[in-house]
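Chains, contacts and geometry: an overview
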Amino acid sequence: MSSRAERNRLVEANLPLVGYLAADTHARATHIPREELAAVGALALVTAADAYDPALGVPFGAYARRRILGAFADEMRAMDWASRGIRKRIKETVAVRDTLTAALGRTATVAEIATAMGSPKEAVSEALADAARTVSPLDDPAARDIVADIPLPEESALVGERREVLEHAIAALPERMRRIVTAVYIEERAVKEIAEELGVTHSAVSQQRSEAVRLLRDALDRYFAEGNTEPTATTRVSPAARDAYFARIAEAAGARIGEVFRTPAPA
């Protein structure tokens, strides 16, 4: 971007897009917390504003939307609850159900599907329940035309402060997590490439990225907590490691932000 002010303007104007996409994606992927999607999307929006080049002739809203949805897709892959085997079982069960339903002229029962497949009824019931959790594609044409000026006054008013806290929170991440977040969200590098560079598996990079996002979310929740209630931690690291992370943010940030992270958590 040509200036920090212009970047900030783009972020502020398009922050409602993050909320819209997070809500829409969560409605189709209920196994992923909406708050986590919002945190991932906010980070993607900031990095999109940093990388945006108006000379490309692409509207920033469209460019940011692609980056945000890409970040959501990465998050869903990292948190995917279904293995390849489970997805194969779901596909086979649904295919049998649909075939029987078409032939019978009514919805096939679990018992009928189980008989046709030669499987236990419990396995069929589980597969159908899992099928209800599957996610529709993020690039569904119905979700393409999104207006970025959806009114979310509170979010818009806090965007500058959130961005500042987020920048300090990223800088305070453990070195490997910080490298992965930078590579994925700022440099837009493939996870496979990052894994090869670090000498670890694709899964390990995805897990580290997800844990980094959870730490960032915990930092934002801690800073913007209301009243005397301690926000519920989402990170899987130990309480001591989380406190050390907060201490690094406090040390690097200015007095206003640092004071929040230096203050003992409410009991």
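Look above for the structure.
Quick summary incoming for the structure in this document. These figures come from a predicted structure and were not determined experimentally.

Another aspect to go through is helix α8 (residues 175-186). Between the first and last C-alpha of α8 there are 16 Å, a value that for twelve residues agrees with the 16 Å anticipated at 1.5 Å per step. Those residues of α8 that sit buried are Met177, Ile180, Val181, Ala183, Val184 and Tyr185. Looking at the residues trailing α8, positive phi occurs at glutamate 188, about 55°.

So, on to the pattern of salt bridges. A side chain with one charge can pair with a side chain of the opposite charge if their charged atoms come near. By the definition in use, this model includes 16 salt bridges. Arginine 217 serves as the salt-bridge partner of glutamate 35, at 3.9 Å between the closest nitrogen and oxygen. Taken together, the residues glutamate 35 in helix α2 (residues 34-51) and arginine 217 in helix α10 (residues 202-223) connect sequence positions 182 residues apart. Judged by its relative accessible area of 47%, glutamate 35 falls in the partly exposed class.

Inspection of the secondary structure puts glutamate 211 in helix α10. Filtering out sequence-adjacent residues up to four positions away, glutamate 211 remains in contact with Met177, Thr235, Arg236 and Val237.

The rules we used
- Residues numbered from 1 in each chain as written.
- Predicted model: local features only at pLDDT ≥ 70, side-chain atom pairs only at ≥ 80, totals over all residues.
- Heavy atoms only, no water.
- Helix = DSSP H or I, 4+ residues; strand = E, 2+ residues; numbered from the N terminus.
- Expected span 1.5 Å × (residues − 1).
- Buried < 20%, exposed > 50% of the residue type's maximum accessible area, 1.4 Å probe, protein only.
- Salt bridge = Lys/Arg side-chain N within 4 Å of Asp/Glu carboxyl O.
- Contact = heavy atoms within 4.5 Å.

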